[in-house]
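# Examining the three-dimensional arrangement
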Amino acid sequence: QSHDSKIAAVLHGGSTRILDPRGHYSCPPLAIVDPASPDDFLSSPEDVRRGTVQYFTNLYAHDELPPAPKPWLSSPAIKAVRQRVDADPFQWPHPIDDLDAFKTLLRRGNPRPAPGPDRWEKWIVRALPDDALAVVLSLINYIISASHVPDVVKPSTLFTFFKRDSPFDLANYRGLCLSNFIPNTVFAWLNFLLTPYLKTRQVLPPHQIATQPGVQGRDLTSFLAHVECWACR
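The text that follows walks through the structure, step by step, so that each part is easy to find.

Criteria and thresholds
Residues numbered from 1 in each chain as written. Predicted model: local features only at pLDDT ≥ 70, side-chain atom pairs only at ≥ 80, totals over all residues. Heavy atoms only, no water. Helix = DSSP H or I, 4+ residues; strand = E, 2+ residues; numbered from the N terminus. Buried < 20%, exposed > 50% of the residue type's maximum accessible area, 1.4 Å probe, protein only. Contact = heavy atoms within 4.5 Å. Phe/Tyr/Trp six-rings, centres within 6.5 Å; stacked < 30°, edge-to-face > 60°. Lys NZ or Arg CZ within 6 Å of the ring centre and 35° of its normal. Core = buried A, V, L, I, M, F, W, Y, C linked by side-chain atoms within 4.5 Å. Salt bridge = Lys/Arg side-chain N within 4 Å of Asp/Glu carboxyl O.

## Quick word on the overall build of the chain
Looking only at helices and strands, the chain has eight helices and four strands in total. Taken from N to C terminus, the helices and strands of the chain fall in the order α-β-β-α-α-α-α-α-β-β-α-α. Here the chain holds 233 residues, and 21% of them are scored as buried. Put simply, 52% of the contacts in the chain that link residues at least 6 apart link residues at least 24 apart.

If you want it as structure tokens, here you go:
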């Protein structure tokens, strides 16, 4: 029962620290394999930091892919989707209408996500009085109206979590980026508007699970199990 309550607490937005039997987060390694020279080790704090930044910068870098033929874009199904979207295009920019809509948006998702470099806590912003909340809403609506995220709020904090095998190899760590509150809220508003639009315009096929609102993988698993049971009968 104690173990189940810990898992339930994490699923409801609590810290995963309680699931760690050691009782603490995994700390960054004191020495790492040099990403530029696998036969060498980096041990000084500055070298470890530099090597870690270099490794994850290269890991998250995206090369521009050369153009490739996409014959499926001329299929009848895609043409039908294009016609529905052209007849009723998605409206953007679409600023957040008022404080009530902003409060509704803040109540969605994880109530206490880890803050980014700006250290803005979502639960604190949600508890602000209306006059202070209106200032935050003005900043967010400015970004939405301009369709531009200022560079000052783009930096993110990278956390590394050890997975398995050698702790000296950065390939055995998982990276987690924590971005700032304001751009996160802008993208949450875009997703809030875009998801029902994609559903009503049938851009997403009805049998797709990923990004389908209200549909989860276990729904399909349960359906297939029922079909199999009826087939056995």
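## Some remarks on the packing of aromatic side chains
Scanning the entire structure with this criterion turns up eight aromatic pairs. When the ring of Phe56 is compared with that of Tyr60, the centres are 5.9 Å apart and the planes differ by 45 degrees; the resulting orientation is tilted. Of this pair, Phe56 and Tyr60 both sit in helix α2 (residues 45-60), separated by four residues, roughly a single helical turn. On the accessibility criterion, Phe56 (2% relative accessible area) is buried. Chaining the aromatic ring pairs together yields one cluster made of Tyr55, Phe56 and Tyr60. The ring of Trp123 has Arg112 sitting right over it, with the charged end atom 4.4 Å from the ring centre.

## Thoughts on the side chain of Thr185
Looking at where Thr185 falls in the secondary structure, it is placed in helix α7 (residues 181-200). Take Thr185: its relative accessible area is 6%, and that puts it in the buried class. With sequence-adjacent residues up to four places away left out, Thr185 is seen in contact with Phe102, Leu105 and Ile140.

## Some points on the nonpolar core
Core analysis: the biggest nonpolar cluster contains 20 residues, and Ile96, Phe102, Ile140 and Phe181 have the highest contact counts within it. At the level of elements, α4 (99-106), α6 (130-146) and α7 are the ones that each hand at least two residues to this core. Per-element tally for this core: the top contributor is α6, with six residues. In contact with Phe181, other than residues within four places in its own chain, are Leu106, Asp118, Trp120, Lys122, Val125, Val136 and Ile140. With six residues, the next largest nonpolar core counts Ile32, Leu42, Val48 and Leu170 among its residues.

## Comments concerning the pattern of salt bridges
In the structure shown here, the tally under the stated rule is four salt bridges. Salt-bridge contacts for Lys103 lead to Asp130; the nearest nitrogen and oxygen are separated by 2.9 Å. Here Lys103, found in helix α4, pairs with Asp130, found in helix α6; they are 27 residues apart in sequence, far enough to count as distant. A residue is classified by how much of its surface remains accessible, and Asp130, at 40% relative accessible area, is partly exposed.

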